[in-house]
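What the coordinates show
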Amino acid sequence: MPSIQTIRQANSKIKELGPGLVGIFAGGTSGVGESTCREFVRNTRQPTVYIIGQSQKKASNLMAGLGAINSEARITFLQSDLTLLTNVDSVCREILAKENVVSLLFLSAGFLSMNGRVETPEGLDRMFSIQYYSRMRFIVNLLPLLSRASTAGQPARVVSVLGAGKEGNILTDDLMLKVNYSLKNCVTHTITMTTLALEQLALANPEVDFIHTSPGVVRTNITRGLGPVISLFSRVVLFLASPLTVPVRESGERHLYLALGMLCSKECTQQSHSKVNPGNSYRFDWKCEACGQNSAVQAYQQEGVGVDVWQHTVDVFTTACGDAQ
């Protein structure tokens, strides 16, 4: 486990990667996304930052703070409901029209809900959509810019913050959970399908690095969708367990390390990590340590389930967005 001092030292060297890095933060107005965005702005030279979320008020406060951290940063907020894939497409079209490269695509938008399956107009459960389908759509849409960054000698990194190492058994005959929906099944499906999908993307796009992380127990507002009673109880529990939780700022520092700082660190662990994950796909826990082999993932790798998961994802894109990228 790299110490926080080691992480901060590595992050301070990100400036050596050159000026003008472009970072996109989907879900960047709160929690781990916001914290990592702050660290990105703090540790880069003349960065271009896109923050995507629903709250204009939160974004305005964040942007003011980011400007104070780094006056050379160019920051844009794009307001959007990311439970809808067509909204993801609209946001990506704006970015594609303005940028030629993207070095970091950071995906952390999400929430937990005990309201059961609540479908979007596209026929997807809202929680499932924002934590899996929406993120995959961002990746597919922005892959050309990530690939160009790699060709130009810049980093080309995708980070999805969810639950690496906590993969489990999924219902391969009901991947969308139309029949067998529950909070537990939704969480397991989004985590496991993320790992399998990123592996497929890494095999097809070796010039880009795909990272799935587990943030650990961080005091964020992710429980806001669990109802006022459970949400309040969760906040009280997290407050009492503060010594065992990861401070939000530290989580941001650790995630920036995994995203970019690791490239500047002598203690990089990606080489050993690649032994259990195909292509340039990586899984890390909150301590920035590589996740070991997972029995469910290993079985699915051997059975080729990742191919089926990705084909299912493309089919969902076709239905929701009218194409098959």
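As annotated in an unreviewed UniProt entry, the chain carries the name Dehydrogenase/reductase SDR family member on chromosome X and comes from Aspergillus udagawae.

What to know about the pairing of strand 4 (residues 104-107)
Every second residue of strand 4 is oriented toward a common face, with Leu-104 and Phe-106 on one face and Leu-105 and Leu-107 on the other, all of them buried. Summarising the sheet, strand 1 (residues 22-26) and strand 4 pair through four bridges and their orientation is parallel. In the strand pairing of strand 4, Ala-26 is matched with Leu-107. In this fold, the crossover linking strand 4 to strand 5 (residues 157-161) by way of helix 5 (residues 126-151) has right-handed handedness.

Some remarks on helix 10 (residues 295-303)
For helix 10, the complete set of buried residues consists of Ala-296, Val-297 and Tyr-300. Each buried residue of helix 10 sits inside an arc of 95 degrees when the element is viewed along its axis, so together they form one side. In this structure, helix 10 carries Ser-295 and Gln-302 as exposed residues pointing more than 90 degrees from its buried face. Following helix 10 by one or two positions, Gly-304 adopts a phi angle in the positive range, close to 75 degrees.

With respect to helix 4 (residues 85-98)
Under the 1.5 Å per step criterion, the end-to-end length of helix 4 is 20 Å for 14 residues, consistent within 8% with the ideal 20 Å. Inspection of helix 4 places Leu-85, Val-88, Asp-89, Val-91, Cys-92 and Ile-95 among the buried residues, and these make up the whole buried set. For helix 4, the angular spread of the buried residues around the axis is 165 degrees, confining them to a single face. Residues of helix 4 that are exposed and point more than 90 degrees away from the buried face comprise Arg-93 and Ala-97.

With respect to the packing of aromatic side chains
Per the counting criterion, the structure on display carries six aromatic pairs. Centre to centre, the rings of Phe-128 and Tyr-132 are 6.3 Å apart; their planes meet at 65 degrees, and the pair counts as edge-to-face. Of the two residues, Phe-128 and Tyr-132 are both situated in helix 5; the distance of four residues between them amounts to about one turn of the helix. When its relative accessible area of 1% is taken as the criterion, Phe-128 is described as buried. An angle of 75 degrees between the planes, with centres 5.0 Å apart, marks the rings of Tyr-132 and Tyr-133 as edge-to-face. Residue Tyr-132 is classed as buried on the basis of its relative accessible area, which comes to 0%.

Section: the side chain of Thr-44
As for its position among the elements, Thr-44 is in the loop between helix 2 (31-42) and strand 2 (48-53). A distance of 2.6 Å separates a polar atom in the side chain of Thr-44 from the backbone oxygen of Phe-40. With sequence-adjacent residues up to four places away left out, Thr-44 is seen in contact with Ile-14, Lys-15, Leu-21 and Asn-70.

Re the packing of helix 2 against helix 8 (residues 248-259)
Where helix 2 meets helix 8, the closest approach of the two axes is 8 Å, and the angle between their N-to-C directions is 60 degrees. For the crossing formed where helix 2 meets helix 8, the hand is right-handed. Counted together, Gly-31, Val-32, Ser-35, Thr-36, Glu-39, Phe-40 and Arg-42 of helix 2 and Val-248, Arg-249, Ser-251, Gly-252, Glu-253, His-255 and Leu-256 of helix 8 form the full contact between these two elements. Grouping the constituent residues of the contact of helix 2 with helix 8 by class yields four nonpolar, six polar and four charged.

With respect to the pattern of salt bridges
Close approach of charged atoms lets side chains of opposite charge pair. Applying the stated criterion across every chain yields a total of 13 salt bridges. Put simply, Arg-8 and Glu-253 hold a salt bridge, and the shortest N to O gap is 2.9 Å. Of the two residues, Arg-8 is situated in helix 1 (residues 4-12) and Glu-253 in helix 8; the sequence distance between them amounts to 245 residues. Note on Arg-8: relative accessible area 41%, which makes it partly exposed. Close ionic contact of Glu-119 with Lys-178 constitutes a salt bridge, the shortest N to O distance being 2.9 Å. On the criterion of sequence distance, the pair formed by Glu-119 in the loop between strand 4 and helix 5 and Lys-178 in the loop between strand 5 and helix 6 (183-204) is long-range, its members being 59 residues apart. In this structure Glu-119 comes out as partly exposed when scored by relative accessible area, which is 40%. Classification of Lys-178 by relative accessible area gives partly exposed; the value is 47%.

Some details on the sheet that holds strand 7 (residues 281-284)
Within a sheet, neighbouring strands are paired by backbone hydrogen bonds and run either parallel or antiparallel to one another. Sheet architecture is open: seven strands sit in the order 3-2-1-4-5-6-7, paired in parallel fashion. This sheet does not close on itself; its edge strands, each paired only once, are strand 3 (74-79) and strand 7. Put simply, the sheet's adjacent strands are angled 15 degrees from each other on average, direction ignored. Relative to strand 6 (residues 209-213), strand 5 runs parallel, the two sharing five bridges.

Some words on the environment of Leu-85
Here Leu-85 is to be found in helix 4. By relative accessible area, Leu-85 is classed as buried at 0%. With 51 residues separating them in the primary sequence, Leu-85 and Met-136 have C-alpha atoms 9.6 Å apart.

Reading guide: rules and limits
- Residues numbered from 1 in each chain as written.
- Predicted model: local features only at pLDDT ≥ 70, side-chain atom pairs only at ≥ 80, totals over all residues.
- Heavy atoms only, no water.
- Buried < 20%, exposed > 50% of the residue type's maximum accessible area, 1.4 Å probe, protein only.
- Helix = DSSP H or I, 4+ residues; strand = E, 2+ residues; numbered from the N terminus.
- Pairing = 2+ DSSP bridges.
- Right-handed = clockwise from strand over helix to strand, strands pointing away.
- Arc of directions from axis to C-beta.
- Expected span 1.5 Å × (residues − 1).
- Phe/Tyr/Trp six-rings, centres within 6.5 Å; stacked < 30°, edge-to-face > 60°.
- Polar contact = N/O pair within 3.5 Å; in protein donor to acceptor, adjacent residues only side chain to side chain.
- Contact = heavy atoms within 4.5 Å.
- Axes fitted to C-alpha atoms, helices over the stretch in contact; angles between N-to-C directions.
- Left-handed = near helix turned anticlockwise from the far one by under 90°.
- Nonpolar A, V, L, I, M, F, W, Y, C, P; charged D, E, K, R; others polar.
- Salt bridge = Lys/Arg side-chain N within 4 Å of Asp/Glu carboxyl O.

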